[in-house]
Amino acid sequence: DTGVSQDPRHKITKRGQNVTFRCDPISEHNRLYWYRQTLGQGPEFLTYFQNEAQLEKSRLLSDRFSAERPKGSFSTLEIQRTEQGDSAMYLCASSSQGSNQPQHFGDGTRLSIL
Amino acid sequence: AQSVSQHNHHVILSEAASLELGCNYSYGGTVNLFWYVQYPGQHLQLLLKYFSGDPLVKGIKGFEAEFIKSKFSFNLRKPSVQWSDTAEYFCAVNMEYGNKLVFGAGTILRVKS
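Structure report, in brief. (Residues numbered from 1 in each chain as written. Chains lettered and ligands numbered in written order. Predicted model: local features only at pLDDT ≥ 70, side-chain atom pairs only at ≥ 80, totals over all residues. Heavy atoms only, no water.)

Moving on: the nonpolar core. Core analysis: the largest hydrophobic core is formed by 29 residues, its most contacted members being L33, W35, L47, L48, F74, L76 and Y89 of chain B. Residues within four places of L33 of chain B in sequence aside, it is in contact with Y25, L48, K49, Y50, F67, F74, A92 and V93 of chain B. Core analysis: the next-biggest nonpolar cluster, separate from the first, contains 19 residues, L32, W34, A88 and L111 of chain A among them. (Core = buried A, V, L, I, M, F, W, Y, C linked by side-chain atoms within 4.5 Å. Buried < 20%, exposed > 50% of the residue type's maximum accessible area, 1.4 Å probe, protein only. Contact = heavy atoms within 4.5 Å.)

Rendered as C-alpha cells:
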C-alpha cells in the first residue's frame, strides 16, 4: 500500500491565476474523492469519481472548479481565476467500492492565494 | 442535509487520563460512522469505523467508540491516553449507499506528559 499521493504539497499563486493539482490514488481503488479543508473546520466534500465517471459534485464546486479522472487512475483538480477564498487545503482520498469502505487520504495540497 | 457536531474543539488532558470525545450526527436513516485522526504533520488516518453489528467498535491504538442509535451519537473513548495521542480527531458520517463523508469540525487533543 503506497498510499494516496498528491502533488504539489504547497502552491502559492496570485489571485486570478489558474492552478492544477494532481492526485494518484491507491492503485486498486476505483473511487476517488476531493475535499477542501479550511482552518478550524473538517474536510468538506467537493466531488467524487467512480473509475473515470464523475458521479457527484458539491454545490461548493463553482464553475471555476473542474475535476477529471481521464483513465480512471489519477485525477486532476483545476481552479481557474483563483480568488482569496480559494485558499485552503485540498485533500484527495480513495476507496474501494461500497459506502462502508474507508476512504484513505493523501497529505493534501495547501493552496495560498496572494 | 447531514451534519456532524463535535462537542469540544480543544481538549487538554494529562497522561493516563481517560478520554471521551463526543460526536452527534443529524440523519434519520442508516449511516456508516468513522473516526479519523490526524497527527501533527501527517495525513488523516482511520481510527475505527462502524457500519453494522456490535455497536461497540474497537480501533487501533486502544481507541473504541460506541454507536447509540437513539441518541444519534458515536463517541470516541480511550481509558488511558498517552502523550503520543496528541492529534486532531474527526468524526465522519456517510449514509448507507452514500459516498461522500460529512465531517465534524474536529477536536484538537493535547496530552501533557
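Moving on, we get to the sheet that holds strand 8 (residues 75-79) of chain A. Residue and element names in this part refer to chain A. Taken in spatial order, the four strands of this open sheet run 1-3-8-7, and their pairing is antiparallel. Lying at the two open borders of the sheet, with one neighbouring strand each, are strand 1 (5-7) and strand 7 (65-68). Neighbouring strand axes in the sheet, compared pairwise and without regard to direction, differ in orientation by 15 degrees on average. Note: strand 1 against strand 3 (residues 19-24), three bridges, orientation antiparallel. Of the residues in strand 3, the one forming a bridge with Q6 is C23. (Pairing = 2+ DSSP bridges. Helix = DSSP H or I, 4+ residues; strand = E, 2+ residues; numbered from the N terminus. Axes fitted to C-alpha atoms, helices over the stretch in contact; angles between N-to-C directions.)

This part is about the state of the cysteines. Considering all chains together, one arrives at two disulfides over all chains under this definition. Two residues share a disulfide in this structure: C23 of chain A and C92 of chain A, whose sulfurs sit 1.8 Å from each other. Because the sign of the S-S torsion sets the handedness, a value of about -70 degrees for the bond joining C23 of chain A and C92 of chain A places this disulfide among the left-handed ones. Of this pair, C23 of chain A sits in strand 3 while C92 of chain A sits in strand 9 (residues 88-95), and the two are 69 residues apart along the sequence. Judged by relative accessible area, C23 of chain A falls into the buried class, the value being 0%. Shown here is the disulfide that connects C23 of chain B with C91 of chain B, its sulfur atoms set 1.9 Å apart. Between C23 of chain B and C91 of chain B the sulfur-sulfur dihedral comes to about -65 degrees; the bridge is accordingly left-handed. Taken as a pair, C23 of chain B in strand 4 (residues 23-26) and C91 of chain B in strand 10 (residues 87-95) lie far apart in primary sequence, 68 residues in all. This pair shows no difference in class: C23 of chain B is buried, exactly as C91 of chain B is. (Disulfide = S-S within 2.5 Å.)

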